[in-house]
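Coordinate analysis (summary)
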Amino acid sequence: MAREQLKTLTEPMYYILLILSQPQHGYGIMQEVERLTKGRVKIGAGTLYNLLSRFEEENIIIQLSEKDRRKTYTLTDKGLNILKDEYQRLKQLLSDASGLLEGGSE
Amino acid sequence: MKNKSKWVFWGFFSLDYQAMKIYLEEMAEKGWMLEKIGLQQYLAKFRAIEPQKLKFYVDVFKEGGPLTPENTDQSEDYRRLCEESGWTFITSHDYLQFFYAQENSEPVPIQTDEVLEQEIVEHTLLRNELRGFYIFLLIAGFVFINNLPLEYHILLSYTGLVSIFLLPLAFVLASLIAAYSIIRILKARSNIKKGLPIEKPTMKNARSRIIFFYGSQLIILITLLMFILVDAFLRPQILVSLLAPGIGITVGLGLRYYTKKKARKKEDSVRVILISGLVVIILINTLFPFIFKRVDESYEVTSVPEGYPIMTIGEVTKKPSNISLLTREFKPGRSPVTPIYYYYSEYSNNESLNISYYETTEPKYAEIIFKGIRDKLEKGFKWEGMTIFDRTIISDEEMKDLWDADKLVLTQERDVIIIQKENIVLKLSGSIDFNDKQTRDLIISRFFSDFSVEN
């Protein structure tokens, strides 16, 4: 189930991986996602915890350090590839749409 | 502020965790804040606070569970994350984690992905609740099948008679609840597929479930206990049968306390549970034979109460009545359909006498008992894969007429006789010559005198 879902990332998954292209701790991820999306996407603590443990299990992210019981994570190579693939897919979606929707004036 | 606390009945189904939020909000408005949930899920402790509006969140933590300690590294990481996002942790119970926040604060809900949440609920709560029901169904089914066809023993005690109705009832109730949980989860799954929100249970629904489930459970338990006490009134020794569940519950509660409060890792609690299981098995194997021996000894009597027709070795062997007895045992019992029954035995150095006497309200019950005793004697006992003490049963028409019995069978060796006459069943064995006329007359007049008078 988890693997199937990762073929296409959900929005929260995408943003978590995006933020983790730089090392970040749990609460930092929640704040950064909210800041980056200007409050449009909010990730609950439980959802984040579950996703982080799933990503870690599947070797998509890795724990870098632990300070004051605060764990810092970053993407693995596998995670970076998944994120890049998703980015390419989204770009493709946009370009596919732009030909039809933005060229409507011709 | 009032400095007091109170325990209230909790009893929520874990699948109703969404309804718990509403309940906790209501309690806070009345001035009570949840402190902890104890004694399985039966009771919750609340402490007094200033009545206020608070927000509550009950979340399902997938790394919790009945075997997992309350505080593990994982649960602390998770709670810290929740606290950082604005929720204050209150307590936890198995998978469920309880948080609150001030009314005017706007913390992000702990779960923001319904699909993920549903997946976790299925893997934790549903599996956990169903596991309990499956184990119950398995045991109940085993007990039920094991007792089919119904043994004549159930006619002999209040507990036996009442369990004819209670066992199937408990079985049906547990099946209903299991089916209901599955339906709820399937509905939630289909809602998600259709893009609809998961149906949130209302307090009213959750309450009805609590009343239905625990109410029926309580009624079954109280009824059973009441009838055990009624049976124990005549024969207090049967209270020993409560020892096994008593030990089970005590050890269970002790283990739960250790698992939740003392252990730090799930592996530790699993190890302790396995070791405790072994200790209990060893304890039962050494303690129970000792207890049962003591209980058996307690049936020894010097005299038999009035109203129970008995015979003595002296009478049947026609030897002096001052024959020196080693033991005399007397076990009486009673049930609504068998108002009088007892086992009586006498042993001397060379002789023995065993009487089982049953007086029922209707001859049809006597017939069931007669057949039951006959079959049991024929089948013997199963012991370590072998059948022992199985006997060949014969009938003797001539003897039946002589004894003026409705039914009569003997063992091939003619050392055990079972007689039924109308509502009375009698099983005799030991140093008795069943062909002797004088003995026969004595037995008939002693045990079946009512009929002789009528005739």
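Counting restarts for each chain, with residues numbered from 1 along the sequence as it is written. In the order they appear in the text, chains get letters beginning with A and ligands get numbers beginning with 1. Local features in this predicted model are restricted to residues of pLDDT 70 or higher, and side-chain atom pairs are both shown and tallied only at a pLDDT of 80 or more, whereas totals for entire chains, interfaces and linings draw on every residue. Hydrogens and water are ignored here; the side-chain numbers use all heavy atoms of the structure.

**Looking at the pattern of salt bridges**
For clarity, the cut-off: By salt bridge we mean one thing: a side-chain nitrogen of Lys or Arg within 4 Å of a carboxyl oxygen of Asp or Glu. Secondary structure elements are defined from DSSP: runs of H or I of at least 4 residues count as helices, runs of E of at least 2 residues count as strands, and each element is numbered from the N terminus. Exposure is judged per residue with a 1.4 Å probe applied to protein chains only, and the accessible area is read against the type maximum: over 50% gives exposed, under 20% gives buried, and values in between give partly exposed.
Going through the model one piece at a time under the given rule, you end up with 27 salt bridges over all chains. In this structure, Arg35(A) and Glu32(A) form a salt bridge, with 2.7 Å as the shortest nitrogen-oxygen distance. Of this pair, Arg35(A) and Glu32(A) both sit in helix H3 (residues 26-36), three residues apart, which is roughly one turn of the helix. On the basis of relative accessibility, which here comes to 53%, the residue Arg35(A) falls in the exposed class. By relative accessible area, which is 24% here, Glu32(A) ends up partly exposed. Asp375(B) is the salt-bridge partner of Lys371(B), the closest N and O atoms lying 2.9 Å from each other. Here Lys371(B) pairs with Asp375(B), and both are found in helix H9 (residues 363-379), just four residues apart, close to one helical turn. A single salt-bridge network, built from bridges that share partners, covers Lys371(B), Arg374(B), Asp375(B) and Glu378(B).

**Re the packing of helix H2 (residues 11-19) of chain A against H3(A)**
All names here are of chain A. Here is the rule: Lines are fitted to the C-alpha atoms to define the axes, a helix being fitted only along its stretch in contact, and any angle between axes, read from their N-to-C directions, falls within 0 to 180 degrees. The scheme is simple: roughly parallel for angles under 35 degrees, roughly antiparallel for over 145, roughly perpendicular for 65 to 115, oblique for anything else. We call two residues in contact whenever any of their non-hydrogen atoms come within 4.5 Å of each other.
Where H2 contacts H3, the two axes come as close as 10 Å, and the packing angle between them is 105°. Here H3 runs roughly perpendicular to H2, going by the angle between their axes. Across the interface between the two elements, Tyr15, Ile16, Leu18 and Ile19 of H2 pack against Ile29, Glu32, Val33 and Leu36 of H3.

**Considerations on the nonpolar core**
All names here are of chain B. Stated formally: For this analysis, a nonpolar core means a set of buried residues of the types Ala, Val, Leu, Ile, Met, Phe, Trp, Tyr and Cys, connected via side-chain atoms within 4.5 Å.
Judged by nonpolar contacts, the single largest core of 43 residues is most densely connected at Trp10, Phe12, Tyr23, Leu24, Phe46 and Phe98. Contributions of two or more residues to this core are made by helix H1 (17-29), strand E2 (32-38), strand E3 (43-48), strand E4 (54-60), strand E6 (96-102), helix H3 (114-146), helix H4 (158-193) and helix H5 (203-234). Ranked by residues supplied to this core, first place goes to H1 with seven residues. The residues contacting leucine 24, other than those within four sequence positions of it, are Trp10, Leu34, Phe46, Phe56, Val58 and Phe98.

**Observations regarding helix H2 (residues 73-84) of chain B**
Residues and elements named next belong to chain B. Condition: Take the number of residues in a helix, subtract one, and multiply by 1.5 Å to get its expected span.
Here H2 spans 16 Å end to end across 12 residues, near enough to the 16 Å set by a 1.5 Å rise per residue. Within the sequence span of H2, burial applies to Ser75, Asp77, Tyr78, Arg79, Leu81, Cys82 and Glu84. The first or second residue beyond H2 is glycine 86, which carries a positive phi of 110°.

**Here we look at the packing of aromatic side chains**
Our working definition: Stacked, tilted and edge-to-face are the three classes applied to pairs of Phe, Tyr and Trp rings, where Trp contributes its six-membered ring and a pair requires centres within 6.5 Å; stacked means planes under 30 degrees apart, edge-to-face means over 60, and tilted covers the rest. In this scheme, Lys NZ or Arg CZ marks a charge over a ring once it lies within 6 Å of the ring centre and within 35 degrees of the ring normal.
Under the counting rule described, the total for this entry stands at 25 aromatic pairs over all chains. Through a chain of ring-to-ring contacts, three or more aromatic side chains come together here, namely Tyr49(A), Phe61(B), Tyr78(B), Phe89(B) and Phe99(B). Positioned over the ring face of Tyr57(B) is Lys21(B), at 4.2 Å from the centre of the ring.

**Topic: the confidence of the model for chain B**
Let me state the cut-off plainly: Per-residue confidence from the prediction method is given by pLDDT, with values spanning 0 to 100.
Confidence along chain B averages 85 in pLDDT terms, with 95% of residues attaining 70 or more. E6(B) holds the highest mean pLDDT among the elements of chain B, 95, whereas helix H12 (residues 449-454) of chain B holds the lowest, 55.

**What to know about the confidence of the model for chain A**
Averaged over every residue, the pLDDT of chain A is 87; residues scoring 70 or more account for 90%. Below pLDDT 50 for its whole length, residues 1-5 of chain A participates in eight contacts with residues either more than four positions away or in separate chains.

**Let's talk about the sheet that holds strand E1 (residues 24-25) of chain A**
All names here are of chain A. Operational definition: Strand pairing follows a simple DSSP-based rule, namely that at least 2 bridges must link the two strands.
One open sheet accounts for three strands, arranged E1-E3-E2; its pairing is antiparallel. Of all the strands in the sheet, just E1 and strand E2 (61-67) have a single pairing partner and so form its edges. In terms of strand pairing, E1 meets strand E3 (residues 70-75) through two bridges, oriented antiparallel. Residue pairing across strands places glutamine 24 opposite tyrosine 73, the latter belonging to E3. Against the sheet, helix H4 (residues 45-57) engages E2 and E3, with an angle of about 115° to E2.

**Some details on the interface of chain A and chain B**
Accessible area lost on assembly of the parts is the figure often given for the size of an interface. What counts is decided by this rule: Two parts placed together each lose some accessible area under a 1.4 Å probe, and adding up what both lose gives the buried area.
Taken together, the contact pairs 23 residues of chain A with 25 residues of chain B. Summing both partners gives a buried area of about 2,000 Å² for chain A against chain B, and 51% of it is carried by carbon and sulfur. When the buried area of chain A at its contact with chain B is split by residue, Tyr49(A), Asn50(A) and Arg69(A) rank highest and sum to 33% of it. Counting across the chain A and chain B interface gives three salt bridges.

**Comments concerning the domain arrangement of chain B**
For the record, the criterion: Domains are outlined according to an automatic or database domain assignment.
In terms of domain boundaries, chain B breaks down into domain 1 (5-102), domain 2 (113-234) and domain 3 (300-447). Measuring from the centre of the C-alpha atoms in domain 1 of chain B to the corresponding centre in domain 3 of chain B gives 63 Å.

**Quick look at the environment of Gln237(B)**
Residues and elements named next belong to chain B. You can see glutamine 237 is positioned in the loop between H5 and helix H6 (243-262). A residue is classified by how much of its surface remains accessible, and glutamine 237, at 19% relative accessible area, is buried. Dropping the residues within four chain positions of it, glutamine 237 is found in contact with Val295, Ser298 and Tyr299.

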